[in-house]
Amino acid sequence: MNEHSFFFTAMIYLAAAVVCVPVAKKLGLGSVLGYLLAGVFIGPNVMGFIGAEGQDILHFAEFGVVMMLFLIGIELEPSLLWKLRAPIIGLGGMQVLISTAVISVIAWWMGQPWNAALALGMTFSLSSTAIVLQILKEKGWMPSAAGQSAFSVLLFQDIAVIPMLAIFPLLAPVGAATSTGGHTTFREGLPGWMQTLMVFGAVITIILAGRYLVRPLLRLVAQVRVRELFTTFALLLVVGISVLMTLVGLSPALGAFLGGVVLANSEYRHELESDIEPFKGLLLGLFFIAVGASIDFKLVLSQPLVMLGLVLALMMVKCLILMGLGKIFKLSTDQNLLFGYSLSQVGEFAFVLLSFTRQNGILPDATASMMTAVVALSMAFTPLVILLYEKLLQPRFTITESSTREADAIDEKNPVILAGFGKTGNVIGRFLLANGVPTTILDLDSDRIDMLHNLGIRAYYGDASRQDLLHAAGAAEAKIIIIATDTIDQTAEIVKVVRQHFPNLQMLVKAATIPDTFDLMELGVLHIYRESLDTSLRMGADALHMLGFRAYNARRAASTFRQHDEKALKELSALRDDRKTYLNTFKERIEEMSKLIQTDKVKPWNDEILSWDERSLMEEEGNPEIEGIPDANSSEEILNVKKENT
Amino acid sequence: MAKILILFAHPALEKSRIHAGLLKNMKGLQGVTVHDLYEVYPDLNIDADREQALLLQHDIILFQHPFYWYSAPAIIKQWQDLVLEHGWAYGHTGKALSGKRIGNVISTGGSQQSYTVGGHHGCTIHDFLLPFRQTARLCNMEYLPPFVIHGTHRLKRSDLPFCCMQYRETLEALRDDKYSPAMLQEAAYLNDLIAQTSDSN
């Protein structure tokens, strides 16, 4: 493949995604369906931009699933995984066993020999981790009962793939070439006990290496302070796990998941997450496109009714089994519907298993390619089924008002606009809403917006530094804008736009650091709130209290310190020379900090409190015992008093 | 045996001699609950439900505090504003505190002489406590004479044990209902009654 054609193919994929996904999202269809449609569009049946190489891309893009499971693992504390053990083994195990049995019987009844029927049963019992988790995450349904159950089942299916791969060669008809379909692994040719030992060995290697090898390595790599090296290492980690797992014949996705769980408590968790995330997103998108492109429409159209019937019957059977299990595991009707609907398709692993059956002669070529089309169609139908659930079924069960969302059109005129619904913003928003203050929430994180929608809170996706958006949000009539965006650049942009176009708004602005605070002061912001100041002072005050200071004294000390700190900061800002180029920001920060600490020493704020001190009065009255009065700062006395009171 | 609730308010107990001593000396006294308002509510955000429940569990309520600016520290006022709700403490249906006794335990810098008509402060302690007295009446409570420690600025460390002992005895006598209504009616300070009972014994 020459360079030109490689870039041309890349351009086709990227362009198709960029065009189809926003359109699909705008229509409320979700990104997965967007990618699938993009794949269909550029595939051999419509535009014909990509042909047979789509299959290779599919295999390559499956790596996105591995990355997704790594990310899911890293977000999952081991303790939480332990809590999920009952649904994973119970619900997941029953689902795989019953679905395999039922589908096998049906296939056998439809005239397949028993070995082919069993292979189809096992293949079709699996669901698509990639599609289901992506949809559940996008809709913010992961934490729901249905989401947790679906996740448990998918996890078990990933484990179940291992014995399936072992059973498949046994199903091959006698005399057929028992090739393993290119999956040459270390394990073959070894006695059974050795194979088992290797599987356990690989799992234990991942756990031990994750604990004792990867963490120090991550620290080393982080210390080099080359940003992309960390990304490289993160990728190496996931790829390495995949290679190891493939070598011993285990599911790479499962290995990556395990690796993620082991690193869930690591201090580099968030860096790893944010480094892998974009790769995962790109590869999954590519994967969905490849699935779309791989649907053989010629085959489908040659016998459309049969194909459609097969797909619908298959999904119905899977769905009914799932909902039966959901009932046993006490899911509510609406959650159970979501659970059944979401897992009713066949998973990406079926592509692997089906090519396996073809090579082993378990299934004739014609049947195998027909089944492949069935799998792809069932995956393509999933977003539609979920859409059906969301628009038609869910509203009947949820009492809250319908979840129809007007994308971006803001029809509210509230007195408060809250820009940024992150760590700080979400507490402010909750506080205002709890006190009945109608607030218009703007945020740039679409996942967050979706989550809020699902909670019944109206929030709008958009960049609050855009004048038209602010206007639409009612900035001309509002009284206050609270700016709690994540970066100082965003914050400064919003401040400038508000000053210029909406002078009627009072601004309350969050600042993360002292340099940010200075920047905002220079922009003329009056109400600046340093992110960690109040928390720090509350912790400090509680520490004083625990040491035996009176609660009220500790509280006043914190309050006084804050006033002192803010005043000192203002003075420092005035003194700061206006050289804008920060040659050595870190050094500057240290200097500023040391200046601040010096002012702390010069003004012993706590001694300034003369009220409630009777020493001067005693002096006036000529009492010789002034010295006998306990000193506010002698903690020994305070500790005594404290003990007596409790 | 009556139950006593002491609503204690001192914004800077770490600087106090008298109140730290009084509290220390009566520690563990049976039937007496000390409720340290500034310690429990450093942000003055008083939990009215909790306070009302505490009041219902006791028969005698005593505000113990320094006599700042002829009145109590700020938290006592905040407490009154939030806890003594209309319809609960007063008003047609407000009978929750009816029949309970209430009073003040205070320390002042000035001597007893200075708290006389024509004295340095111009009025008696009894006069200055008018808002507390009337509050008690409005809540259908019986207002007790105050327990007062005068001249705290001149007080020597050696005088403390006597004050503490007096206070402890007063609390015990109130708890065991040793004072007749007539005695309470007549006394200017609760302190005076100690002398009487110990005289009669």
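Residues numbered from 1 in each chain as written. Chains lettered and ligands numbered in written order. Predicted model: local features only at pLDDT ≥ 70, side-chain atom pairs only at ≥ 80, totals over all residues.

Topic: the overall build of chain A
Part 1: When you go through chain A residue by residue, the secondary structure sums to 28 helices and 6 strands.
Part 2: For chain A, the proportion of contacts with a sequence separation of at least 24, taken over those separated by at least 6, is 71%. (Helix = DSSP H or I, 4+ residues; strand = E, 2+ residues; numbered from the N terminus. Contact = placed C-beta atoms within 7 Å.)

Things to note about the overall build of chain B
Part 1: Each helix and strand counted, chain B has 9 helices and 6 strands in total.
Part 2: In chain B, which comprises 201 residues, the proportion classed as buried is 40%.
Part 3: Once local pairs closer than 6 in sequence are excluded, the contacts in chain B between residues at least 24 apart make up 79%. (Buried ≥ 20, exposed ≤ 12 C-beta atoms within 10 Å, placed from the backbone.)

Thoughts on helix α15 (residues 304-328) of chain A
Part 1: With 25 residues, α15(A) ought to run about 36 Å at 1.5 Å a step, and its terminal C-alpha atoms sit 36 Å apart, in line with that.
Part 2: Backbone geometry just after α15(A) places Lys330(A) at a positive phi near 60°. (Expected span 1.5 Å × (residues − 1).)

What to know about unusual backbone geometry
Residue and element names in this part refer to chain B.
Part 1: The backbone phi angle of Leu44 is positive, close to 60°, even though this residue is not glycine.
Part 2: The backbone of Asn140 sits at a positive phi, close to 60°, despite the residue not being glycine.
Part 3: Here Asn140 lies in the loop between α6 (130-138) and β5 (142-143).

With respect to the nonpolar core
Part 1: Formed by 124 residues in total, the largest nonpolar core has its most connected members in Met67(A), Phe70(A), Phe287(A) and Ile289(A).
Part 2: When residues in this core are grouped by element, the largest group, 13 residues, is from helix α9 (residues 145-171) of chain A.
Part 3: Other than its neighbours up to four places away in sequence, Met67(A) contacts Val238(A), Ala256(A), Ile276(A), Phe279(A), Lys280(A) and Leu283(A).
Part 4: Judged by nonpolar contacts, the second largest core, of 55 residues, contains Ala12(B), Leu22(B), Leu37(B) and Ile76(B). (Core = buried A, V, L, I, M, F, W, Y, C linked by C-beta atoms within 7 Å.)

Things to note about the confidence of the model for chain B
Part 1: Within chain B, residue pLDDT values average 92, and 97% of them lie at 70 or more.
Part 2: With a pTM of 0.49, the predicted complex shows an ipTM of 0.83. (pLDDT = per-residue confidence, 0-100.)

What about the sheet that holds strand β1 (residues 416-419) of chain A?
Hydrogen bonds between backbone atoms are what pair the strands of a sheet, whose relative direction is either parallel or antiparallel.
Residue and element names in this part refer to chain A.
Part 1: Read from one edge of the open sheet, 6 strands run β3-β2-β1-β4-β5-β6, paired in parallel fashion. What marks the edges here is a single partner per strand, and that holds for β3 (459-461) and β6 (527-530). Strand-to-strand, the axes of this sheet are offset by a mean angle of 20°, without reference to chain direction.
Part 2: In this sheet, β6 lies alongside strand β5 (residues 506-511) in parallel orientation, the contact comprising 4 bridges. (Pairing = 2+ DSSP bridges. Axes fitted to C-alpha atoms, helices over the stretch in contact; angles between N-to-C directions.)

Remarks on the environment of Cys164(B)
Residues and elements named next belong to chain B.
Part 1: Among the secondary structure elements, Cys164 is positioned in helix α7 (residues 160-175).
Part 2: Looking at Cys164, the number of C-beta atoms within 10 Å reads 18, which means it is partly exposed.
Part 3: Residues Cys164 and Leu23, 141 residues apart in the sequence, show an inter-C-alpha distance of 8.4 Å.

Observations concerning helix α4 (residues 63-74) of chain A
Residue and element names in this part refer to chain A.
Part 1: If you check α4, its first and last C-alpha atoms are 17 Å apart, about what 12 residues at 1.5 Å a residue would give, namely 16 Å.
Part 2: Across the 12 residues of α4, 12 count as buried, placing the element largely inside the fold.
Part 3: Those residues of α4 that sit buried are Phe63, Gly64, Val65, Val66, Met67, Met68, Leu69, Phe70, Leu71, Ile72, Gly73 and Ile74.

Describing the pairing of strand β4 (residues 101-107) of chain B
Within a regular beta strand, the side chains point alternately toward one face of the sheet and then the other, so they alternate between its two faces.
All names here are of chain B.
Part 1: Within β4, 6 of the 7 residues are buried, which leaves it mostly tucked inside the rest of the structure.
Part 2: Judged from the 7 bridges that link them, strand β3 (residues 60-66) and β4 form a sheet pairing that is parallel. In the strand pairing of β4, Leu62 is matched with Gly103.
Part 3: For the segment spanning β3, helix α4 (residues 74-83) and β4, crossover handedness is right-handed.
Part 4: As paired elements, β4 and β5 share 2 bridges and run parallel to each other. The partner of Ile102 across the bridge, within β5, is Tyr143. (Right-handed = clockwise from strand over helix to strand, strands pointing away.)

Observations regarding the environment of Arg17(B)
Part 1: Relative to the assigned elements, Arg17(B) resides in the loop between β1 (4-8) and α1 (18-25).
Part 2: Sequence-wise, Arg17(B) and Lys156(B) are 139 residues apart; in three dimensions their C-alpha atoms are separated by 10.0 Å.

Things to note about the pairing of β3(B)
Residues and elements named next belong to chain B.
Part 1: The element β3 is largely enclosed, with a buried count of 7 among its 7 residues.
Part 2: In β3, alternate side chains face the same way, and those of Ile60, Leu62, Gln64 and Pro66 on one face and Ile61, Phe63 and His65 on the other are all buried.
Part 3: The sheet contact formed by β1 and β3 spans 5 bridges and is parallel. Counted as the bridge partner of Phe8 is Gln64 from β3.

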